[in-house]
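Analysis of the macromolecular model
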Amino acid sequence: MAFKWYVVHTYSGYENKVKMSLQERIEITGSQAYFSDILIPEEDVVELIQGKRKIPNVSFFPDIFLSEWR
């Protein structure tokens, strides 16, 4: 099977909400066999706030990568 990758543009900060919505739609329609992955490009960034280390996940850009079988 050959999968094609698609980019879904979202508003910044809504990446996880859009990913959950896509996953729910795929399950409701019963088309799990046609999709393999939904990825959000993220990285861990170490921040020092008042002397304490925080490691939040930060998105590279407000896009989601969707792999679909064609």
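Structure first, text after, so check above.
These remarks concern the structure in this document. None of these values were measured; they are calculated from a predicted model. (Residues numbered from 1 in each chain as written. Predicted model: local features only at pLDDT ≥ 70, side-chain atom pairs only at ≥ 80, totals over all residues. Heavy atoms only, no water.)

What to know about the sheet that holds strand β7 (residues 63–69)
Basically, it comes down to this: Should DSSP find at least two bridges between two strands, the strands are regarded as paired. Counting from the N terminus, the helices are DSSP H or I runs at least four residues long and the strands are E runs at least two residues long. Note on definitions: angles span 0 to 180 degrees between N-to-C directions of axes, and those axes are lines fitted to C-alpha atoms, for helices only across the stretch in contact.
An order of β1-β7-β2 is seen for the 3 strands of this open sheet, with the pairing classed as antiparallel. Here the strands that pair on one side only, and so sit at the sheet edges, are β1 (3–9) and β2 (35–39). When strand polarity is set aside, the average angle formed by the axes of neighbouring strands in this sheet is 20 degrees. Bridge count between β1 and β7: 7 bridges; the pairing is antiparallel. Within β7, the position partnered with Trp5 by the bridge is Ser67.

Overview of the nonpolar core
Note the cut-off: Residues enter a nonpolar core if they are buried and are Ala, Val, Leu, Ile, Met, Phe, Trp, Tyr or Cys, with the set joined through side-chain atoms within 4.5 Å. Each residue is assigned to one of three classes by its accessible area relative to the maximum for its type, calculated with a 1.4 Å probe on protein chains only: buried under 20%, partly exposed between the two thresholds, exposed over 50%. We call two residues contacting when some pair of their heavy atoms lies within 4.5 Å.
By size, the foremost hydrophobic cluster in this structure holds 5 residues: Ile26, Ile38, Ile40, Ile64 and Leu66. With near-sequence residues (within four places) excluded, Leu66 lies in contact with Lys4, Trp5, Tyr6, Val8, Phe35, Asp37 and Ile38.

Here we look at the side chain of Ser31
The following threshold applies: Polar contact criterion, stated in full: a pair of N or O atoms within 3.5 Å, where within protein one must be able to donate a hydrogen and the other to accept it, and residues adjacent in sequence count only if both atoms are side-chain atoms.
Here Ser31 is to be found in the loop between α1 (15–29) and β2. Residue classification places Ser31 among the buried residues on the basis of a relative accessible area of 13%. A polar side-chain atom of Ser31 sits 3.0 Å from a polar atom in the side chain of Thr29.

Thoughts on a nonpolar patch on the surface
This is how the line gets drawn: Residues forming no salt bridge and having over 30% relative accessible area are the ones grouped into patches, like charges within 9 Å of each other and nonpolar side chains (Val, Leu, Ile, Met, Phe, Trp, Tyr) within 5 Å. Methods summary: accessible areas were calculated by the Shrake-Rupley approach with a probe of 1.4 Å, and residue burial reflects only the protein chains presented. The salt bridge definition used is simple: a Lys or Arg side-chain nitrogen within 4 Å of an Asp or Glu carboxyl oxygen.
Nonpolar side chains collect at one region of the surface, where Phe3, Tyr34 and Trp69 lie side by side and expose about 280 Å² of accessible area between them. Mapped onto the fold, Phe3 is located in strand β1. When its relative accessible area of 32% is taken as the criterion, Phe3 is described as partly exposed.

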